[in-house]
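An overview of the molecular structure
Letter by letter, the chains look like this.
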Amino acid sequence: MGDINSEIISENLKSKRIDLLSTHTKLSIPVINRMYKKMINGIKFDDIKVSDNFIIDGHHRYISSILADIDLGRVPSCKTSATNVCEWHKVEFVDEEWDTELKIKRMNELDAKFNNISIEKIFELTK
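Heads up: these notes are all about the structure in this document.

Procedures and definitions
Residues numbered from 1 in each chain as written. Predicted model: local features only at pLDDT ≥ 70, side-chain atom pairs only at ≥ 80, totals over all residues. Heavy atoms only, no water. Buried < 20%, exposed > 50% of the residue type's maximum accessible area, 1.4 Å probe, protein only. Helix = DSSP H or I, 4+ residues; strand = E, 2+ residues; numbered from the N terminus. Salt bridge = Lys/Arg side-chain N within 4 Å of Asp/Glu carboxyl O. Contact = heavy atoms within 4.5 Å. Core = buried A, V, L, I, M, F, W, Y, C linked by side-chain atoms within 4.5 Å.

Things to note about helix α3 (residues 59–68)
In terms of residue burial, α3 counts as a mostly covered element, since ten of its ten residues are buried. Two residues or fewer after α3 comes Asp 69, characterised by a positive phi angle close to 55°.

Here is the structure:
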């Protein structure tokens, strides 16, 4: 699979077993793309946080893991009064980049450290 787009995401959400619901109404395709590329190349990620059957933290990781056919760990978390569940067919996947270059660099550094590989390798994987 090349670069991820909204059609690929939609097809996968329809064809694969999705056992968690979203608490976001929008997600960034460029963020999903970076995570997906890392996952298919063996980069490990933190567990996602869930409450009942919905995601509290880790939406981009969850979608990326579905696309990459990788299981992510889950840890219990708490919802707040502001938590609203949204079914996946109502989530908008946007082409907008949500991360700054500085944040991308910092996330790559953290991923390199977490996976005990060089930052150069991380940059290579996400090209």
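Back to the text.
Details of the pattern of salt bridges
Taken as a whole and assessed by the stated rule, the structure comprises eleven salt bridges. Measuring nitrogen to oxygen at the nearest pair gives 3.0 Å for the salt bridge that ties Lys 16 to Asp 69. Of this pair, Lys 16 sits in the loop between α1 (6–15) and β1 (26–28) while Asp 69 sits in the loop between α3 and β4 (74–76), and the two are 53 residues apart along the sequence. We classify Lys 16 as partly exposed; its relative accessible area is 25%. The class of Asp 69 is exposed, set by a relative accessible area of 60%. We note a salt bridge from Asp 57 to Arg 61, for which the minimum N-O separation is 3.2 Å.

So, the side chain of Asp 111
Relative to the assigned elements, Asp 111 resides in helix α4 (residues 101–115). Among the residues examined, Asp 111 registers a relative accessible area of 10% and is labelled buried. What Asp 111 contacts, discounting residues up to four positions off in sequence, is Lys 38, Ile 43, Phe 45 and Ile 122.

Examining the nonpolar core
In this structure, Ile 9, Ile 32, Ile 63, Leu 67, Trp 88 and Phe 93 are the most contacted members of the largest nonpolar core, which totals 30 residues. Breaking this core down by element, the ones donating at least two residues are α1, α2 (29–40), β2 (48–51), α3 and α5 (119–125). At six residues, α2 tops the list of elements feeding residues into this core. If near-sequence neighbours (up to four positions away) are discounted, Ile 63 is found in contact with Ile 9, Leu 13, Leu 27, Ile 32, Trp 88 and Phe 93.

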